[in-house]
Amino acid sequence: MQDAGHDAVASALATDALGRHWLEHAGQRLAVVPSRGGAVAAWQWLPPQGAPLDLWRPWDGSDDLYRQASFAMVPWSNRIAQGGFEAAGRFHAMQPNRAGEPYPIHGDGWLQPWQLRQSAPGELEMTLWSDGFGGSPYRFFARQVLRLRAQGLDQWVEVRHEGDGPLPYGLGLHPWFVRTADTRIQAAVAGVWLSGSDPIPTARSSTLPADWCLPEGMPAHGSFIDNAFFGWDGLARVRWPSRGLQVQLRQLEPALRFDGHCLVYRPPQGEAFCLEPITHPIDAFHLPGQEGLRLLAPGESMRLAVAWDLLPDQA
């Protein structure tokens, strides 16, 4: 894929009327809104000819934080049921944090303002200090780095526990991919967590529903999915054959050997869907062994690092 001569050129950040901070580098454009949950507002490829091409659905300027292009999930991802969780022999109560959701969802980093700096040409860093936000038991420091490089984007989020006693932590990334009529998703997984309508998991299944054939490649349109998949090898692809373009996801840290988790959110309608790298399944706080979560002592940290590779779609 050509990069339209942008590899050697990095411009300073430009801020627009919506408060988006734009960075152009390596044939791509990236916009972040640190005041709105440290979110990404746009990720675009700059083709040799024509207008910028959105890879993640761009923020529409609305107040709904779910309308951002992507956000980090910290200090845990997805939902927590049963009003809270137990850790080190103590129950920690949790409250719902989004209108219409019966459970707290996606941690609280996406609900708070972050601090932004340009840490290098083509690289942005956002940081957050959080102390009991919304009554949460979590006290932590989080850091996000987004680095535009030739043919892709490197992204990582890390969290350091700053509380007095140990707590379980998890991380995730929540990108909203542009969905065209021929978009397809592929990832090698061993099975899926089935759920009720909540969607809190009820059972693991190694048999996938008919149109959930993620290992073979499935359409981005189809029956409703809001489920975590297990046994993931850390590789996934989103393909746009009509664009001749694909994005490959590679999870770099934690390193996976068919023991990882990812989540697909495929609504019946709409212009976007989600393919999320996550360190633990939905409501892991109440699964045996708190699957995928890490119990961090004060001062300990964990990190989720991924590479988003821009590649031609030749198949």
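The structure we're discussing is the one just above.
Here the structure is a predicted model, which is why all the values come from computation and not from measurement. (Residues numbered from 1 in each chain as written. Predicted model: local features only at pLDDT ≥ 70, side-chain atom pairs only at ≥ 80, totals over all residues. Heavy atoms only, no water.)

Asker: I tried to follow unusual backbone geometry on my own but got confused; where do I start?
Answerer: What is expected of a backbone is that most residues other than glycine have negative phi and most peptide bonds are trans. In this structure, Pro199 follows Asp198 across a cis peptide bond, with omega equal to 20°. Structurally, the position occupied by Pro199 is in the loop between strand E17 (191-195) and strand E18 (201-205). Between Glu253 and Pro254 the backbone carries a cis peptide bond, its omega angle lying at -5°. Residue placement: Pro254 occurs in the loop between strand E22 (245-253) and strand E23 (260-266). In this structure, Gln82 takes a positive phi of about 65° despite not being glycine. Take Gln82: it is sitting in the loop between strand E6 (72-73) and strand E7 (84-87). Even without being a glycine, His106 presents a positive backbone phi close to 65°. Tracing the backbone through its elements, the reader meets His106 in the loop between strand E8 (90-93) and strand E9 (115-120). Using a relative accessible area of 3% as the deciding quantity, one classes His106 as buried. (Helix = DSSP H or I, 4+ residues; strand = E, 2+ residues; numbered from the N terminus. Buried < 20%, exposed > 50% of the residue type's maximum accessible area, 1.4 Å probe, protein only.)

These figures come from the coordinates and say nothing about function on their own.
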